[in-house]
Amino acid sequence: MAYAGLDLTGRKALVTGAARGIGATLAVGLAQAGADVAVCDLASDESWEGLANTVWKIRNEGQVGLAVDMDVQEVEEIRPTIRQVERDLGGLDILVNNAGIRRRAPALEVTEEDWDAVMDTNLKGAFFCAQAAARLMIPQGYGRIINIASQMALVGATNRAAYCASKGGLLNLTRVLALEWAQHGITVNAIGPGPTLTPGVVEAEEQDDARTPASSAGQAPTIPHEGRGNADQRELEFGVKMPLGRRMDPEELVGAAIYLASASAGATTGQMLVVDGGWTAM
């Protein structure tokens, strides 16, 4: 018999950035644990196709699934969209702030546009989604907010000034919101994934490879092994940096999300559950 403390039956969840990758996987995982799940992403043909696929998987688990479009960079969209989700699902108990982007560049080359795009999505968007959700959760005296941060909220990495700053900010924001909303029965936690193989990561790395010369400003060139491209070299580097010896699969984050969304996590708040293959243990 399944452990009842992790049962999400009757709970209503919203997962942002859920057209594919980690967001889509977590949405389906919450449905497998018994939750009805709404998913959202940017309005585009590609995103709607991904959202439709995620909703199909949620419904295939026997749960209610619905899709809405919401750009978390547009604050004026957030409150009405989250209220719509609450009406359509019949409540809102769980918010997973997964929407996020990264733009890699040496610190001397980061533009204001890049900085603002990363901050507006990864940090500002997460805050205003949490704020809108909390306004609905406070009257019911219950809520679970889960921010998808990164192991880079704890450690730095070259060429990721905006990304690391946004995820470090998201971790401390998690702590602040946890302190403010604990009295209302709302827990606020984060998950810190390590390098995870998702379509968005693969696309971003392909773009980086196309833009980046053999040596970046201020860095020695990376010399691939003979016969290997940048992607193969990158996998070798992950094998060295991660005790796990590989990148993670999105499915390996589902257990953490179910726990933090469940009744079992009632005394867990203001924390980040790091699921990084041992990256930050080295």
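Keep in mind it's a predicted model, so treat the numbers as computed, not measured.

When helices and strands are counted, the protein chain shows eight helices and seven strands. Looking at the protein chain as a whole, 49% of its 282 residues are labelled buried. Pairs at least 24 residues apart make up 75% of the contacts formed inside the protein chain by residues separated by at least 6 positions. Element-wise, carbon and sulfur atoms account for 51% of the exposed surface of the protein chain, whose accessible area totals about 13300 Å².

In this model helix H5 (residues 161–181) runs 30 Å from its N-terminal to its C-terminal C-alpha over 21 residues, within 8% of the 30 Å that 1.5 Å per residue would give. Looking at H5, one finds that the buried residues are Ala-162, Tyr-163, Cys-164, Ser-166, Lys-167, Leu-170, Leu-171, Leu-173, Thr-174, Leu-177, Ala-178 and Trp-181.

So, on to the environment of Gly-91. Mapped onto the secondary structure, Gly-91 falls in the loop between helix H3 (75–89) and strand S4 (94–97). Separated by 45 residues in sequence, Gly-91 and Leu-136 have C-alpha atoms that sit 8.4 Å apart. Setting aside chain neighbours within four positions, we find Gly-91 in contact with Lys-12, Val-85 and Glu-86.

What follows is about helix H8 (residues 254–261). Judged by how many residues are buried, H8 sits mostly within the fold: six of eight residues are covered. Taken residue by residue, H8 has Val-254, Ala-256, Ala-257, Ile-258, Leu-260 and Ala-261 as its buried positions. Elements in contact with the buried residues of H8: helix H1 (21–32), S4, strand S5 (143–148), strand S6 (186–193) and strand S7 (272–275).

Attention now goes to the pattern of salt bridges. A side chain with one charge can pair with a side chain of the opposite charge if their charged atoms come near. The final tally for this structure, using the stated rule, is six salt bridges. Across the pair Arg-246 and Glu-252 runs a salt bridge whose closest N-O atoms are separated by 2.8 Å. The partly exposed category is assigned to Glu-252, whose relative accessible area is 34%.

Our next topic: a positive patch on the surface. A cluster of like positive charges, contributed by Arg-79, Arg-83, Arg-87 and Arg-135, occupies part of the molecular surface. No other element matches the three residues that H3 contributes to the positive patch. One can find Arg-83 in helix H3. Taking the relative accessible area as the measure of exposure, Arg-83 reaches 42% and is therefore partly exposed.

Turning next to the side chain of Asn-97. Along the chain, Asn-97 turns up in strand S4. Within polar-contact distance, the side chain of Asn-97 engages the backbone oxygen of Ala-126 at 3.1 Å. At a separation of 3.0 Å, a polar atom in the side chain of Asn-97 contacts the side chain of Asn-147. With sequence-adjacent residues up to four places away left out, Asn-97 is seen in contact with Thr-16, Ala-126, Cys-129, Ala-130, Ile-145, Ile-146, Asn-147 and Ile-148.

In the predicted model, the protein chain carries a mean pLDDT of 88, and the fraction of residues at 70 or more is 85%. Contacts for the low-pLDDT stretch residues 213–229, under 50 throughout, to residues beyond four places or in other chains number 15 contacts.

Another point: the sheet that holds S4. Within the open sheet, the seven strands sit side by side as S3-S2-S1-S4-S5-S6-S7. Their pairing is parallel. Looking at strand neighbours, the two that pair on one side only are strand S3 (65–69) and S7, the edges of this open sheet. When the angles between neighbouring strand axes are averaged without regard to direction, this sheet yields 20°. Of the strand pairs in this sheet, strand S2 (residues 36–41) and S3 are connected by five bridges, and their pairing is parallel. Bridging from a neighbouring strand, Val-39 pairs with Ala-67 of S3. Of the strands in this sheet, strand S1 (12–16), S4, S5 and S6 touch helix H4 (residues 112–140), which is tilted by about 180° from S4.

Rules of the game
Residues numbered from 1 in each chain as written. Predicted model: local features only at pLDDT ≥ 70, side-chain atom pairs only at ≥ 80, totals over all residues. Heavy atoms only, no water. Helix = DSSP H or I, 4+ residues; strand = E, 2+ residues; numbered from the N terminus. Buried < 20%, exposed > 50% of the residue type's maximum accessible area, 1.4 Å probe, protein only. Contact = heavy atoms within 4.5 Å. Areas by Shrake-Rupley, 256 points an atom, 1.4 Å probe, with all protein chains shown as cover. Expected span 1.5 Å × (residues − 1). Salt bridge = Lys/Arg side-chain N within 4 Å of Asp/Glu carboxyl O. Patch = residues over 30% accessible without salt bridge, like charges linked within 9 Å, V, L, I, M, F, W, Y side chains within 5 Å. Lys, Arg positive; Asp, Glu negative; His and termini not counted. Charge placed at Lys NZ, Arg CZ, Asp CG, Glu CD. Polar contact = N/O pair within 3.5 Å; in protein donor to acceptor, adjacent residues only side chain to side chain. pLDDT = per-residue confidence, 0-100. Pairing = 2+ DSSP bridges. Axes fitted to C-alpha atoms, helices over the stretch in contact; angles between N-to-C directions.

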